[in-house]
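Okay, here's what each chain looks like letter by letter:
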Amino acid sequence: MILRARGLSKIYHMGEVDVHALRAVDIDLEEGELMVLLGASGSGKSTLLNIIGGLDRPTEGHVWYEDRDLVQLDDDGLTEYRRRHVGFVFQFYNLIPSLTARENVSLVTEIARDPMSPEDALGLVGLADRMNHFPAQMSGGEQQRVAIARAVAKQPRILLCDEPTGALDVETGKLVLSVLREVNDTTGTSTAIITHNAAIAGMGDRVVRMSSGEVADVRINEGRTPLDEIVW
Amino acid sequence: MKGQMLSISLVVATGITTVVTMRGGHDSLAVAQADYYAETRFADVWVSLKRAPETVAADVARLPGVAEVESRVTALARLDLPDIEGLGMGRFVSIPRDGRPALNDIRIARGRWLAPGARDEVLVSGKFAEARGLAPGDSVHAILNGRLRVLDVVGIANSPEHSYSVPPGGLYPDDERYGVFWMGRDALGSVYDLDGAFNELVLTVAPGADPEHVIADVDRVVDRYGGQGAYARDDQVSHRVLQSELDQNRVMSTAIPGVFLLVAAFLLHLVLGRMIATQRTEIAVLKAFGYRDAEVGRHYLAFAFVAIGVGAIVGTVGGVWLGGAYVELYGAYFVFPELDFLLAPYLLMAAAGVSALAAALGAMGAVRSAVRLPPAEAMRPEPPPSFEPGPLEKAGVGRVLPSAGRMILRNMERRPMRVALSSLGVAFSVAILVVGMFAFDGVLYMMDLQFRVIQREDLTVTFQEPLSAAVRYDLDRLDGVTRVETWRSVPARLRVGHREREVGLQGLEEGSRLRRIVDRDGRIIPVPSRGVVMSRFLAEQLDAETGDMILAEVLIGERRSAFVPLAGVVDDLMGVSATMSRAALDDLAGGGDVVSGAYLSVMDDHRTEVESGLAQAPVVATVASPGTMYETFEETLSESLYVSIAFLLGFASVISVGVVYNGSRIALSERGRELASLRVMGFRKGEVSVLLLGEQALVTLLAVPLGWLIGYALVALVLASLDSETYRIPLMISPRTYLLAAGLTVAAAVASGWVVRRRVNRLDLIEVLKTRE
């Protein structure tokens with residue numbers, strides 16, 4: 001087990017009202033698995049991702065990465081955690097517009113300890129021939145694949161993807177998901193995909209469904225649905 | 001937005017403050033000068049002579065082009081001042097029998113006019129009275145024509161002739177030791193055996209008459225009375241210094257505010273442009289609701305006018321306040337009966353006008369792009385900016401750079417104009433500092449050369465009348481005197497072809513060591529045994545080159561004239577000099593082996609003693625100590641320089657802070673999302689700050705050499721506007737000045753970068769995951 005969270009609660013104070021985004025959530029991320037975190041808007045899945053990604057702190061509870069408690073880390077400690085161990089894929093790609101695909105990846109590999117080469121990373125997402133293109137010259141799907149290459153190039157232990165297909169059409173979305181699937185298979189990086197899209201759930205090894213800040217159920221997929229069969 | 005608008009207002013305020021302060025100060029001085037001159041009927045021409053009967057004044061009055069003439073008696077006399085190191089000197093000027101001078105009238109500040117027929121009453125100049133704590137009723141001891149007189153101070157007076165009051169041979173006012181005294185014509189005339197005669201004429205030139213012709217005519221008339229060459233108002237010391245100050249002031253009061261307003265316009269352009277980019281959707285909604293282009297445009301223009309208007313108001317108030325202090329500072333050097341800070345309505349209107357112009361200029365481009373935007377297009381987010389490798393990268397720079405470096409470089413290459421203008425802005429801040437601190441370099445170099453290389457004597461003695469050269473043995477015998485070198489000076493007219501010029505022709509001993517001929521690089525030129533060595537400035541006026549023969553007409557004694565060869569030209573820094581060996585001068589001027597004075601080297605512990613001993617000697621006119629002069633100068637200079645440098649530093653900081661702060665705020669606004677996502681990916685705060693501020697750092701670094709260049713050019717411009725006859729400050733800027741100017745600007749830039757850097761720590765990382773810009 002690479003990541004273990006116990007009793008996570010998060011309360012936002014919105015004026016007079018307290019919003020319980022998370023209520024005593026227990027969750028694990030297993031070594032090498034692909035977990036789909038499914039939930040409607042407001043279910044608490046993003047809050048959960050923020051906490052396990054080291055971007056936010058829980059009001060209560062603990063998160064252990066291996067044997068380190070993230071709750072005990074200060075800002076700089078969390079930055080180092082994200083830098084060394086976590087790869088992020090955003091809904092809107094967030095590539096640096098002034099850098100080519102290769103440079104977007106090497107921006108990260110230049111500060112990583114044991115990265116793969118930017119060329120290999122882009123090859124992994126099928127963009128070996130688009131390396132010298134700028135984001136403005138690429139489609140949304142291509143940009144998202146560059147973002148995935150950027151996230152995995154530093155060989156993180158954990159890959160966190162926040163609605164990675166949210167801004168894409170179905171076909172392109174499926175292509176991106178297949179890339180994530182393949183990266184998970186070839187590199188063994190523990191991956192968590194957040195989505196509100198139940199159709200995607202089938203591709204995961206494990207599906208955690210969230211509702212009203214609680215884990216509603218956890219399902220282990222015995223046989224993962226092939227991506228061509230997924231429709232939404 | 002608040003911080004950015006504030007910084008723009010500050011730049012405008014500084015610009016308007018400088019224009020109101022400097023231009024207002026200039027106007028105030030010019031008005032005070034004009035009023036003062038008119039009221040006191042300030043003369044146009046002066047001429048000193050040895051002795052002439054009163055009828056000569058009437059002859060001069062009849063010359064064509066002469067409006068009004070006044071004869072008077074003037075004399076330089078030693079003062080016996082208690083508790084003072086060095087020698088006190090007084091310039092004594094006669095007042096006509098009937099009470100008031102017709103020309104160069106004086107104004108009584110305190111006390112009363114001289115009583116008719118009073119023989120011991122004097123009026124004393126204001127600065128001297130102030131420095132010495134003299135009031136009507138006090139008395140002053142003076143040695144008039146070798147006799148000690150106790151003079152009663154009955155009033156404190158001022159004259160336009162002495163607005164700027166410099167002791168003879170001095171460079172700066174020395175109010176502790178030098179003052180002007182007005183005395184009755186009969187009283188002063190009888191002391192100097194000038195009853196019914198005079199030794200100076202002042203006159204005004206009739207409107208339309210050519211002063212040059214008048215001067216030539218006057219010279220001809222007074223020639224036989226020992227005339228020493230008439231000169232025009234432009235050569236009158238007090239007027240010349242004041243005029244040169246006013247001229248300089250006019251240049252600076254236009255150039256400096258211009259820089260500030262241009263910087264303000266540029267910053268406004270940047271900030272408004274960014275504001276409109278982030279408010280695309282709002283603009284679209286307004287337009288969709290049916291707002292007209294003009295109304296949308298007006299909204300953004302209003303921002304510009306508020307930012308600039310606030311600056312203009314603050315600047316005007318600050319300028320009026322500072323202007324008072326500025327004029328007061330002038331009052332410390334120049335005496336005017338009424339010197340108040342005047343704020344001419346035209347100046348206020350001009351300040352408002354140029355501010356509005358800057359606002360319009362800055363807002364124009366940005367507002368036009370807002371107005372042009374079709375509503376439907378504006379509803380959509382701005383398309384992602386497209387990039388490509390710029391020329392620098394194509395040249396190969398990119399290969400050696402890490403991705404972070406390329407990011408910075410491409411952002412800069414994408415907006416070369418913005419980078420260029422930002423650099424130019426910061427460069428002005430460097431340049432302003434270079435100009436400010438150059439004053440130290442140039443003036444100190446010049447003074448150092450003058451007082452440590454050229455004038456190396458401890459005491460300069462001038463005799464009342466030329467004495468036999470044998471006087472050197474008397475001087476040599478004085479206790480503590482280690483070296484004596486005599487000198488002679490005669491007024492002469494030098495002529496080459498139709499060009500001529502009057503100078504004091506100086507004779508130095510061959511092998512002279514205490515006083516030397518030195519060029520601007522410190523090279524020592526030996527006193528020639530034959531011929532004359534002159535300042536390049538003079539040689540150029542005469543259009544003479546080494547080897548040319550120069551006709552020298554001596555204006556005193558037997559009034560001999562002879563051709564002398566130009567033995568050399570010296571590229572010197574101060575004044576205008578023509579030097580010969582003393583033997584050659586004796587041959588030329590006649591009168592035997594006589595000397596006008598001597599330079600003495602004196603042991604330190606005997607200085608005061610020798611000085612006061614010489615001061616008592618009736619044959620001695622003045623004893624000066626260059627060392628004291630240098631000290632006075634350094635005190636005056638460093639005080640005023642520190643004040644002006646403090647101001648310039650403030651001005652320079654306002655610019656560099658304005659440019660760098662706004663530049664980084666805009667970068668943060670444009671690329672905040674980019675930077676926040678890097679933070680999410682594990683980039684440290686420092687690394688992200690480098691990406692944010694790297695561009696500003698490069699802008700600042702580019703600005704440094706550019707600022708040095710502009711500074712150099714500005715220094716050259718300022719030097720060109722200086723009065724080059726009195727001094728020619730060498731254009732030598734020390735490495736220290738360059739480094740300090742760069743260092744201070746960089747420090748201001750770093751400080752503003754630091755303020756913006758703190759915002760990097762507050763980037764909202766979670767928001768980045770959610771929203772699209």
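Residues numbered from 1 in each chain as written. Chains lettered and ligands numbered in written order. Predicted model: local features only at pLDDT ≥ 70, side-chain atom pairs only at ≥ 80, totals over all residues. Heavy atoms only, no water.

Caption draft 1: How the structure looks around the overall build of chain A. Helices and strands together make up the secondary structure of chain A, namely six helices and 10 strands. Relative to a compact globule of 232 residues, whose C-alpha radius of gyration would be 17 Å, chain A shows 17 Å and is just as compact. Reported as C-alpha extents along the three principal axes, the dimensions of chain A are approximately 50 × 40 × 35 Å. Residue burial in chain A is summarised as follows: out of 232 residues, 59% are buried. Partitioning the intrachain contacts of chain A with sequence separation of at least 6 by distance along the chain shows that 69% fall at a separation of at least 24. Accessible area of chain A: about 9,100 Å², with a carbon and sulfur share of 47%. (Helix = DSSP H or I, 4+ residues; strand = E, 2+ residues; numbered from the N terminus. Rg over C-alpha atoms; globule rule 2.2 N^0.38 Å. Buried < 20%, exposed > 50% of the residue type's maximum accessible area, 1.4 Å probe, protein only. Contact = heavy atoms within 4.5 Å. Areas by Shrake-Rupley, 256 points an atom, 1.4 Å probe, with all protein chains shown as cover.)

Caption draft 2: Region of interest: the confidence of the model for chain A. On average, residues of chain A carry a pLDDT of 91, and 100% of them reach 70 or more. Strand β4 (residues 60-65) of chain A holds the highest mean pLDDT among the elements of chain A, 95, whereas helix α6 (residues 170-187) of chain A holds the lowest, 90. (pLDDT = per-residue confidence, 0-100.)

Caption draft 3: Structural view of the packing of helix α3 (residues 101-109) of chain A against helix α5 (residues 140-153) of chain A. Residues and elements named next belong to chain A. Running from amino to carboxyl end, α3 crosses α5 at an angle of 20°, the nearest separation of the two axes being 8 Å. The orientation of α3 relative to α5 falls into the category roughly parallel. For the pair α3 and α5, the sense of crossing is right-handed. Packed against α3, whose contacting residues are A101, N104, V105, V108 and T109, the element α5 presents V146, A149, R150 and A153 at the interface. Class assignment for the residues of the contact of α3 with α5 results in six nonpolar, two polar and one charged. (Axes fitted to C-alpha atoms, helices over the stretch in contact; angles between N-to-C directions. Parallel < 35°, antiparallel > 145°, perpendicular 65-115°, else oblique. Left-handed = near helix turned anticlockwise from the far one by under 90°. Nonpolar A, V, L, I, M, F, W, Y, C, P; charged D, E, K, R; others polar.)

Caption draft 4: Structural detail: the confidence of the model for chain B. In the predicted model, chain B carries a mean pLDDT of 86, and 97% of its residues have values of at least 70. Here the predicted complex carries an ipTM of 0.93, next to a pTM of 0.79.

Caption draft 5: Looking closely at the pairing of strand β21 (residues 594-602) of chain B. All names here are of chain B. Buried residues dominate β21, accounting for nine of its nine residues. Two elements, strand β12 (residues 459-468) and β21, share six bridges in a ladder whose sense is antiparallel. When the sheet's bridge partners are listed, S468 is paired in β21 with V594. By the bridge criterion, six bridges tie strand β13 (residues 481-496) to β21 in an arrangement that is antiparallel. Looking across to β21, one finds that E485 is bridged to Y599. (Pairing = 2+ DSSP bridges.)

Caption draft 6: Spotlight on the nonpolar core. With 130 residues, the main nonpolar core has L3 and L48 of chain A together with L678 of chain B as its most contacted residues. Considering every element that reaches this core, the biggest residue donor is helix α6 (residues 237-278) of chain B, with 17 residues. Filtering out sequence-adjacent residues up to four positions away, L3 of chain A remains in contact with I27, D28, L29, I52, V63, W64, Y65, Y81 and I158 of chain A. Within the second largest apolar cluster, 37 residues are counted, among which are L34, Y93, V146 and L177 of chain A. (Core = buried A, V, L, I, M, F, W, Y, C linked by side-chain atoms within 4.5 Å.)

Caption draft 7: The sheet that holds strand β3 (residues 34-39) of chain A, seen in detail. Residue and element names in this part refer to chain A. Reading across the sheet, the six strands line up as β6-β7-β8-β3-β9-β10 and stay open at both edges, with mixed pairing between neighbours. Since the sheet does not close on itself, it has two edges, and those belong to β6 (86-89) and β10 (214-220), each with one partner. Strand after strand, the sheet turns through a mean of 20° between neighbouring axes, direction not considered. Each of β6 and β7 (158-162) is contacted by helix α2 (residues 75-85), which is oriented at about 80° to β6, the strand it contacts most. Sitting on the sheet, α5 touches β6 and β7, and the angle it makes with β6 is about 170°.

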